[in-house]
Amino acid sequence: MGRANAWLGGMLLLGTMVGNAAEPPPPWAYGFNAPAPPAVVAPPAAPAPPANAAAAAPDPTLHGLPGTDLRFTRAEIGNRFGPADWYPGDHPVMPEIVAKGRQPNVLACALCHYPNGKGRPENSAISGLPVDYFIEQMQLFRDDRRKTADPRKANTALMATIAKGMTDEVIRISAEYYASIRFTPWIRVVETTMVPTTTTSIGLFLPTPDGKQEPIGNRLIEVPEDVEMVERLRSPRVGFIAYVPPGTLKKGEGLVRTGNAGKTIACGTCHGADLKGLANIPAIAGRSPSYLVRQMFDMKAGTRTGTLMPMMQPVVANLTNEDMLAIAAYIASLEP
């Protein structure tokens with residue numbers, strides 16, 4: 001045991017001395033177009049409306065999606081405590097905590113992660129996760145032990161607030177519900193030199209309406225296949241495109257499959273040969289590459305904790321941001 005601890009300690013120390021350990025968080029992985037300033041200052045609070053201001057009347061317009069007869073208003077689609085469920089037949093009957101949350105602070109799980117658990121790049125896919133792994137992550141959020149390396153990413157703090165409002169029983173109920181849903185293809189990885197210019201909406205990259213393009217540089221940009229379907233109507237059947245630089249997938253395959261001559265450890269060692277998980281270790285094949293990069297960087301930065309971190313920290317210790325991009329892109333390109 002002492003020799004194992006010494007090996008882990010040596011690997012962690014080595015990770016601070018080699019590679020590019022001093023790199024800042026890659027802003028594109030956290031939903032930003034620019035790096036964080038030296039000191040992140042909280043944005044000023046919005047001014048309170050005049051005392052006599054009347055509330056805006058809700059828009060009664062009903063919207064629809066292909067393949068369903070259901071119709072919802074924009075307010076219903078984005079209802080924090082009961083968002084629209086466009087395709088009830090696509091998933092098991094949702095528990096109350098998933099479908100409606102618990103007021104005042106526990107938002108419905110289905111709002112951000114969708115009823116099918118596929119989620120979006122700014123949060124995460126949670127369908128098909130092992131029950132015990134899911135429960136541990138919620139406990140880490142609740143205990144303020146799972147944080148983010150980029151403090152601008154506000155939904156990490158939001159998850160902590162939500163977890164604090166959940167009992168152990170409802171955490172298990174939500175874990176069992178999402179574990180019962182198989183994760184299916186959701187992301188298309190495309191190597192390219194040029195990408196759409198983008199804006200961000202609460203951590204989600206959206207192509208600008210003018211259709212302009214710019215060099216991708218050394219970035220990974222994940223955007224909806226259809227902006228209207230995803231951003232305005234929140235379709236749980238429309239996924240994402242992940243744009244990556246040319247040559248990324250080949251480099252990622254080498255790192256993922258072999259560890260690239262000791263730079264890291266082959267991912268299949270723990271996540272299974274097909275990267276679809278082993279026991280309490282989650283599946284990663286086909287998942288959002290933006291999310292995967294965030295988690296690798298957070299692990300390297302020490303802002304993620306938990307029972308699996310002693311295994312993961314030596315894995316990420318020597319990885320540069322470019323390495324993480326390649327690894328995540330290759331993993332995302334695989335069949336889930």
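Structure first, text after, so check above.
Model, not experiment: these values are computed from the prediction.

J.: What am I meant to see in the overall build of the chain here?
T.: Scanning the chain from terminus to terminus reveals 13 helices and seven strands. Looking at the 336 residues of the chain, the share that counts as buried comes to 49%. Long-range contacts, defined here as pairs at least 24 residues apart, represent 65% of the contacts in the chain between residues at least 6 apart. In the structure as shown, the chain presents an accessible area of about 16200 Å², 59% of it carried by carbon and sulfur atoms.

J.: Looking at this structure, I do not really get the packing of aromatic side chains. What am I missing?
T.: Ring pairs (aromatic) are described by centroid distance and by the angle formed between their planes. Considering all chains together, one arrives at four aromatic pairs under this definition. Between Phe72 and Trp86, the aromatic rings sit 4.9 Å apart at their centres with planes inclined by 90 degrees, giving edge-to-face as the arrangement. Of this pair, Phe72 sits in the loop between helix H1 (2-15) and helix H2 (74-77) while Trp86 sits in the loop between H2 and helix H3 (96-99), and the two are 14 residues apart along the sequence. In this structure, Phe72 and Trp86 share a single accessibility class: buried. Look at Tyr177 and Tyr178: their rings are 4.9 Å apart centre to centre, the planes differ by 75 degrees, and that puts the pair in the edge-to-face class. Here Tyr177 matches Tyr178 in class, with each residue buried. In textbook terms, an aromatic cluster arises when at least three aromatic residues are bridged by ring pairs, as seen for Tyr114, Trp186 and Phe240. Here the basic side chain of Arg152 rests over the ring of Phe32, its NZ or CZ set 3.9 Å away from the ring centre. Between the NZ or CZ atom of Arg287 and the centre of the ring of Phe183, over which it lies, the distance is 4.2 Å.

J.: Even after reading the chapter, I still don't get the sheet that holds strand E1 (residues 187-191), so can you show me in this structure?
T.: Consider a sheet: its strands pair through backbone hydrogen bonds, and that pairing is either parallel or antiparallel. Spatially, the three strands line up as an open sheet ordered E1-E7-E6, and their pairing is mixed. Strands at the two margins of the open sheet, each flanked by one partner only, are E1 and strand E6 (221-224). This sheet shows a mean twist of 25 degrees between the axes of neighbouring strands, independent of strand direction. Across four bridges, the pairing between E6 and strand E7 (residues 240-244) is antiparallel. Across the sheet, Pro224 pairs through a bridge with Phe240, a residue of E7.

J.: What's the story with the state of the cysteines in this structure? I'm lost.
T.: Covalent bonding between the sulfur atoms of two cysteines is what defines a disulfide. This model, assessed by the stated rule, comprises zero disulfides. Between Cys109, a cysteine without a disulfide, and Cys112, which holds the nearest cysteine sulfur, the sulfur-to-sulfur distance is 9.2 Å.

J.: Before we go on, may I ask you to explain the nonpolar core in this structure?
T.: Across soluble globular proteins, you tend to see nonpolar side chains buried next to one another. By size, the foremost hydrophobic cluster in this structure holds 80 residues, and its most contacted members are Trp28, Val98, Met166, Tyr178, Leu275 and Ile331. It is helix H13 (residues 321-332) that provides the largest number of residues to this core, a total of nine residues. Not counting residues within four places of it along the chain, the set of residues in contact with Leu275 comprises Val256, Arg257, Cys267, Gly268, Ala283, Ile284, Ala285, Ile331 and Leu334. Counting seven residues, the second largest nonpolar core, distinct from the first, contains Phe72, Ala84, Trp86 and Tyr87.

J.: What am I meant to see in unusual backbone geometry here?
T.: Note: most peptide bonds trans; most residues except glycine with negative phi. A cis amide bond links Gln103 with the next residue in sequence, Pro104, at an omega value of 10 degrees. Structurally, Pro104 can be placed in the loop between H3 and helix H4 (109-113). Look at Tyr114: it is not a glycine, yet its phi comes out positive at around 70 degrees. Even without glycine at this site, Ala261 takes up a positive phi of about 55 degrees. Mapped onto the secondary structure, Ala261 falls in the loop between helix H9 (248-258) and helix H10 (268-271).

J.: Could you clarify how one ought to interpret H9 in this entry?
T.: Note: α-helices contain 3.6 residues per turn, so residues at a spacing of three or four share the same orientation. Of all the residues in H9, the buried ones are Thr248, Gly252, Leu255 and Val256. Buried residues along H9 cover an arc of 95 degrees about the axis, so they all sit on one side. When the buried face of H9 is taken as reference, the exposed residues oriented beyond 90 degrees from it are Lys250 and Thr258. On the buried face of H9, the contacting elements are E1, E7, H10 and H13. The first or second residue beyond H9 is Gly259, which carries a positive phi of 85 degrees.

J.: Can you help me understand the pattern of salt bridges in this one?
T.: In a structure, side chains of opposite charge can pair up when their charged atoms sit close to one another. Under the definition given, this model contains 15 salt bridges. Salt-bridge contacts for Arg120 lead to Glu122; the nearest nitrogen and oxygen are separated by 2.8 Å. The partner of Glu231 in a salt bridge is Arg120, with the nearest N and O atoms 3.2 Å apart. With Glu231 in helix H8 (residues 227-232) and Arg120 in the loop between H4 and helix H5 (131-142), the pair connects residues that are 111 residues apart, well separated along the chain. Residue class for Arg120 comes out buried when judged on its relative accessible area of 4%. When salt bridges with common partners are traced through the structure, they connect Lys251, Lys263, Glu322 and Asp323 into a single cluster.

What counts as what
- Residues numbered from 1 in each chain as written.
- Predicted model: local features only at pLDDT ≥ 70, side-chain atom pairs only at ≥ 80, totals over all residues.
- Heavy atoms only, no water.
- Helix = DSSP H or I, 4+ residues; strand = E, 2+ residues; numbered from the N terminus.
- Buried < 20%, exposed > 50% of the residue type's maximum accessible area, 1.4 Å probe, protein only.
- Contact = heavy atoms within 4.5 Å.
- Areas by Shrake-Rupley, 256 points an atom, 1.4 Å probe, with all protein chains shown as cover.
- Phe/Tyr/Trp six-rings, centres within 6.5 Å; stacked < 30°, edge-to-face > 60°.
- Lys NZ or Arg CZ within 6 Å of the ring centre and 35° of its normal.
- Pairing = 2+ DSSP bridges.
- Axes fitted to C-alpha atoms, helices over the stretch in contact; angles between N-to-C directions.
- Disulfide = S-S within 2.5 Å.
- Core = buried A, V, L, I, M, F, W, Y, C linked by side-chain atoms within 4.5 Å.
- Arc of directions from axis to C-beta.
- Salt bridge = Lys/Arg side-chain N within 4 Å of Asp/Glu carboxyl O.

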